[in-house]
Each structure stands twice: as structure tokens, then as C-alpha cells.
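# Secondary and tertiary structure notes
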Amino acid sequence: MLEVEGIHTFYGLSHILFGVSLRVEQGEVVCLLGRNGAGKTTTMKSIMGLTPPKQGGIRFKGEGIVGKEPYLLARKGISYVPDDRRIFADLSVGENLEIAMRKARVGEGWNKEKVYEIFPALKDIESRRGGCLSGGEQKMLAIARALMGNPELLLLDEPTEGLAPVLVHALEDQIRRLREAGLTVLLAEQNVRSALRLSDRGYIIGNGQIRYQGSIEELKENEEVRKKYLLV
Amino acid sequence: MQLGFIEEDGFQMEYVLTFGPSELACQLLVGLSRSMLLFIVTAGLSLVLGVLRVPNIAHGSLYMIGAFTAFTVSTVVGGAGGFWLSLIVAPLAVALVGLVAERILFCHLYEREHLMLLLFTFALMLILGDLVKIIWGAEYRSVTTASLLQGSFMIFGLPFPRYNLFLLIMGPLVAVALWLFVSKTKIGRISRAAAVDREMVGVLGINVSWVFATAFVIGCLLAGLGGALIAPTVSITLGMDHTIIIEAFLIVTIGGLGNMWGALIGSLIFGITHSFGVMFWPQFAIVFPYVAVVIVLLLRPRGMLKSVW
Ligand SMILES: Nc1ncnc2c1ncn2[C@@H]1O[C@H](COP(=O)(O)OP(=O)(O)OP(=O)(O)O)[C@@H](O)[C@H]1O
Ligand SMILES: [Mg+2]
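### Remarks on the site of ligand 1
All names here are of chain A. For ligand 1, the set of nearby residues contains 13 residues, the closest of which are Gly37, Lys40, Thr41, Thr42 and Glu158. Taking Ala38, its main chain carries an N or O atom lying 3.2 Å from an oxygen atom of ligand 1. Within the backbone of Gly39, an N or O atom sits 2.9 Å from an oxygen atom of ligand 1. Compared with its free state, where it exposes 640 Å², ligand 1 has 59% of that area covered by protein. It is helix H1 (residues 40–48) that provides the largest number of residues to the shell around ligand 1, a total of 3 residues. The class makeup of the residues in the shell around ligand 1 is 3 nonpolar, 6 polar and 4 charged.

Encoded structure:
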């Protein structure tokens, strides 16, 4: 579904990604692991068109998407949940969801009621301002908002960052339900344990390069790589 | 009771040399009606500042175009019909000018720094000013309002201009319409979101460019409406763009940049202090609102309400 081929991304003059390549197949949950500053967010932003790569290619459902505007990519079926959530503080929870509403390309798709089934906690705070939510509530709302656009591919950037363990488990359950609903997920994480519980395959990124790739079993067994690039 | 009379900005303002409660009340109403006019203009400026982050100096020019268009419509059509029609045609004409300017010029500039935007909209102000001169000439023009709105009626035992009452009705109508737009329509909600984080709005699949165009056009519509509404109360002339834009920027600054309700509060402060200035010290009436601006900014440097900047 998604093929990233040797992308080089820059912030101004600083070269951040050095030929990152990865693939995500339809229906998979793939994780992208790496330390602080490894380049996970930059990879996500490059896919979403927020920091378009200078070199290399990205294909989504077979179509080249480098250089396309983020809003067009969202309409093609990619949703990005940023690590800093970026909830609209002046809008209520319900309004945050409503403005993100986009008709499904096939079938009935998501709507507010269905999203509230996955995140019942949001329903109780529907009229609260986005600026008055706790970190966990913001995380849930950010994912819920992304779902409203009826994506086929969900780019989830550190969904568990800063959450209490109980909430991490709850969120994992919710992500599993999304996967059962047919969503493809690329998950950037520092929380290796949580990512390994959720994913089918994984990549490890360090200093802007993919250092390792393999199945979850391989990742779990390979102490050495994990020590070197993940510090666990 | 002694009555004095001055004409300030063409607003007929009666001032009294000895004041009783009814004079004060009456003068308050005059101030409020002026505030309503200022609000209609500054709400547009504030919307553009808040959503597009463009400090549009040409907003005053759009207001001036509104006034001249109102003049043309009301003279060509004539009578009460001409006046009412001018209130519809002038805002729409200005909105059209705004749409063209936005699609051809502004939409390429949103990523630029504020200084560039200031220079650019300043240039646009000069260009629009010349355009007005070419089309309407440099003479003074005037508009006659519908006879329904001419003359005065008695309130608190004093005469009060009917037209000011009309402004007192129009202001809240515009405020309610704007409130409905920003809080009840999808595009209004999206504009509020885009004011804070336009990139994230794009990530949600929304073409921000059209959201900006809509907000800009509504801002222009309000400038045009303000121009059409002030037309019967002043001599319409080149230079009215400069006067209003200075006041308008001060008002949005004391209200809180980009906050529409801030624009309302700022307009109230400006209009009411001015009208009491007229009452207590007519020769220096114009100074009063500026003193109020200084006081507000000393107490609340970022304005009365939360600024989105
Ligand atoms: N806006 C920016 N301008 C310049 N450099 C940046 C910018 N954003 C990130 N970087 C740099 O790019 C590198 C990769 O950052 P990135 O945010 O992709 O890392 P990350 O893997 O997401 O880290 P984290 O786990 O902390 O979120 C870092 O060295 C960072 O300092
Ligand atoms: Mg990151």
C-alpha cells in the first residue's frame, strides 16, 4: 500500500533523512522504532507531504505522491496523527471531529457515533474545549479526528508517549480494533514494548537511516540491535 | 440647559454645556451608534487578521470603495430604493474586488513575513486609492438616506437622529450573523481552526486556500457594508481610507488582535469615549479615544481579549 524508496529530507540546510526506505502492505501494522531525534517524525511528515523529500520516491497505492499537498494526500486516504497532537484548542471536542469529517470512498465509513464507540471517554466530554483536555484525552481525540477522514493508511506518531500504563493498554486495544476494522497503520514509537505488542513487522531508524528491519519475532530476539539503536 | 452643536465626521452630534442624566444617556446612544459602525468595519479587519494573519492596510480602501459604490448606486437608482439597494450592492461589489485580489495576489503571500505583508497591503492601499480617484474623481460626494431614516425623534426629551438608531440596530444584527458564521457553520469552525494551526487543517484534507478566500471575502463584505453605512453621514472623499484604517488598527489592537469580540469591545471603547469627548471638551474630542487606547494598552498590552497572534 505504501512504498517509501530512498528518501532524503532536509530542514533548511540540515540533512535529516538519508535514503530511508520502507514498505507497508494493506492491512499490516508496521512500527518504526528509534530514539529521540532518530528521524521518525520526519519520516512521517515526509510521507504526509509536510516536509517533502528532495530525493527519492513515495508511492501510495501505486501512485507517486512526492510533492503533493497534504490536503490532497488526506483526500487520497492518508491520515497523520502528529506526536504533539495539535488539537484545535478553541474548538470543542465535537467540533474538532466535525471539521475533520470526510465522506468514505467506499462503504459507510466513520462518523462521530462510531468514533465514540471506540473512544467512549470522548463522548462524555463532547462539548469541552480542546484546550482543556488532559494529555490522554488529547491523544484519543487526535486519533479519533484522524479517523473521521476515513483513511486507509493511518500514520500514528508516538500515540503512547506520556501516557500512564493503564492508558497505554487501553489505547493499544483501541488500535487493535482499528486494525480489525481494516486500517493499515504505520506506527512510530519509542515505547518498544507497546509497539512490539501491536505490530506485525518493524523497522529501526537511527540518525536518519534504516538500521534494521524484520518480523516482530526477529526484533524481539535480536538483543544486539535493540541495544545499539533503541537503548532498552 | 444650553445646547451646542458640532459636526464631526458628519455625525451630527449635539453637545450640551450643562449635563443632566438625559443628555448623558443620549450622548451614550450617539457613542454606541458610532461604535456599531466601527465594529462592522473592524470585525472584517479582525477576521482577516485572525484567520489569514494578514494585517490588511487596504481594508480602509475597501471601505472607501464601499462608500463610493453606495454613492453611485443611490444616485443612479435614486430615492429610498437607491439607498436600500446601495446597502446590498456596495458590500457585494467590494467582496468581488476582495475575491479577485485574494485569488490573484494574496493567495501567493500567506507564507511571507508580516513586514512583507504590511508593505504589500500598503501598496495595495495606494493602488486602490488611485483607482478610486480615476473612477470617481476627487470631488466630495454625498448620499441621501431613505426618508424613513431622516430627521430625529425625541428620546429622554432630546432629539436623536433616526439614522443613528438604524446603526444601533444594524450593529447587533451583523454581530449575530458573524457569531452564527464562526460558531455554527462548518467553514466558520474551520476558519477558527485555521487561525491557530493552518498546517493541521490541511492535514485533515481541507483545502485551506479556499477557507482563506472565504474569510477574506467576508472581511471585505464587512468593509463594504461599513462604507455604505457611513456614506449618508459624511462627505465621501479620497482620504477617508486613511482615517478609518488608523482607527481600525487601534481598535483591533486594544481588543486583542484577530479576536472578533475584541473588535466589538474596542469599538465600544473608541466610540463611547469619543462621544463623551464631544460632550465634555468638543475641541479636543478626537483625543479622548486615543487616550483610552493608551490606557488600555498600559493595563493590558495584548488587548482586552485573547489575541490569536
Ligand atoms: N523543524 C526542524 N528544524 C530543524 N531540525 C529539525 C526540525 N525538526 C526536527 N529536526 C531535527 O531532525 C532530527 C530528526 O527529528 P525527528 O523529529 O524526526 O525525530 P524523532 O525520531 O521523531 O524524535 P522524537 O522521538 O524525539 O520525536 C533531529 O535531529 C532534530 O533535531
Ligand atoms: Mg517525533
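### Digging into the sheet that holds strand E5 (residues 63–64) of chain A
All names here are of chain A. The strand order across the open sheet built from 4 strands is E2-E1-E4-E5, with neighbouring strands paired in antiparallel fashion. Edge positions in the sheet fall to strand E2 (14–24) and E5, since each has one partner strand and no second. Strand contacts of H1: strand E1 (2–11), E2 and strand E4 (55–60), with the helix running at about 110° to E1, the strand carrying the most contacts.

### Observations regarding the interface of chain B and chain A
Taken together, the 18 residues of chain B in the interface contact 19 residues of chain A. Its largest share of buried area at the contact with chain A, chain B owes to B:Met200, B:Val203 and B:Leu204, together 31% of the area lost on that side. At the junction of chain B with chain A, the criterion picks out 6 salt bridges. Connecting chain B to chain A are 12 residue pairs in polar contact (both at pLDDT 80 or more). Elements supplying a minimum of two residues to the side of chain B that touches chain A: helix H6 (186–196) and helix H7 (198–203) of chain B. Broken down by element, the residue count for the side of chain B that touches chain A peaks at 6 residues, all from H6(B). Partitioned by chemical class, the residues of the side of chain B that touches chain A number 8 nonpolar, 4 polar and 6 charged.

### Considering the coordination of the magnesium ion (ligand 2)
All names here are of chain A. The coordination sphere of the magnesium ion (ligand 2) contains the protein donors Thr41 (OG1) and Asp83 (OD), at a distance range of 1.8 to 2.8 Å. Here Asp83 lies in the loop between strand E6 (78–81) and helix H3 (93–100) and Thr41 lies in helix H1, a separation of 42 residues in the sequence. With relative accessibility at 18%, the residue Thr41 sits in the buried group. The exposure class assigned to Asp83 is partly exposed, which follows from its relative accessible area of 21%.

### What about the domain arrangement of chain A?
Residue and element names in this part refer to chain A. Entries for chain A in the domain assignment read domain 1 (1–77 + 153–232) and domain 2 (81–151). Domain 1 and domain 2 are separated by 22 Å when their C-alpha centres are compared. Contacts between the two partners involve 21 residues from domain 1, matched on the other side by 17 residues from domain 2. Carbon and sulfur atoms make up 62% of the surface buried where domain 1 meets domain 2, a total of about 1600 Å² over both sides. Residue Lys139 pairs with Glu161 through a salt bridge whose shortest N-O separation is 3.8 Å. One can count 5 residue pairs in polar contact (both at pLDDT 80 or more) joining domain 1 with domain 2. Elements supplying a minimum of two residues to the side of domain 1 that touches domain 2: helix H2 (70–76), strand E7 (153–157) and helix H7 (165–180).

### Brief notes about helix H10 (residues 260–280) of chain B
Taking 1.5 Å per residue as the helical rise, H10(B) with its 21 residues ought to reach 30 Å, and the 30 Å between its terminal C-alpha atoms agrees with that figure. Sitting at the amino-terminal end of H10(B) is B:Asn259, which places a side-chain oxygen 3.0 Å from the backbone nitrogen of B:Trp261.

### Focus: the confidence of the model for chain B
Per-residue confidence for chain B gives a mean pLDDT of 90, with 94% of residues at or over 70. Here the complex is predicted with pTM 0.87, and the ipTM for its interfaces comes to 0.90.

### Here we look at H7(A)
Residues and elements named next belong to chain A. Between its first and last C-alpha atoms H7 spans 23 Å; for 16 residues at 1.5 Å apiece the expected length is 22 Å, and the two agree. Those residues of H7 lying buried are Val168, Leu171, Glu172, Gln174, Ile175 and Leu178. On an axial view of H7, the arc spanned by its buried residues comes to 165°, and they lie on one face. Every exposed residue of H7 that faces more than 90 degrees away from the buried side is listed here: Val166 and Glu180. Just downstream of H7, Gly182 is the residue with a positive phi angle, here 100°.

### Observations regarding the side chain of A:Asn150
Residue and element names in this part refer to chain A. Mapped onto the elements, Asn150 comes out in the loop between helix H6 (135–148) and E7. You can call Asn150 buried: its relative accessible area is 7%. Of the polar contacts made by the side chain of Asn150, one reaches the backbone oxygen of Arg102; its length is 2.7 Å. In this structure, Asn150 is in contact with Arg102, Lys103, Ala104, Arg105, Gly109 and Trp110, ignoring residues within four places of it in sequence.

Thresholds, definitions, all that
- Residues numbered from 1 in each chain as written.
- Chains lettered and ligands numbered in written order.
- Predicted model: local features only at pLDDT ≥ 70, side-chain atom pairs only at ≥ 80, totals over all residues.
- Heavy atoms only, no water.
- Near = heavy atom within 4 Å.
- Polar contact = N/O pair within 3.5 Å; in protein donor to acceptor, adjacent residues only side chain to side chain.
- Areas by Shrake-Rupley, 256 points an atom, 1.4 Å probe, with all protein chains shown as cover.
- Helix = DSSP H or I, 4+ residues; strand = E, 2+ residues; numbered from the N terminus.
- Nonpolar A, V, L, I, M, F, W, Y, C, P; charged D, E, K, R; others polar.
- Pairing = 2+ DSSP bridges.
- Contact = heavy atoms within 4.5 Å.
- Axes fitted to C-alpha atoms, helices over the stretch in contact; angles between N-to-C directions.
- Buried area = accessible area lost by both parts, 1.4 Å probe.
- Salt bridge = Lys/Arg side-chain N within 4 Å of Asp/Glu carboxyl O.
- Donors = N, O, S within 2.8 Å, 3.2 Å for Na, K, Ca; no water.
- Buried < 20%, exposed > 50% of the residue type's maximum accessible area, 1.4 Å probe, protein only.
- Domains from an automatic or database assignment.
- Expected span 1.5 Å × (residues − 1).
- pLDDT = per-residue confidence, 0-100.
- Arc of directions from axis to C-beta.

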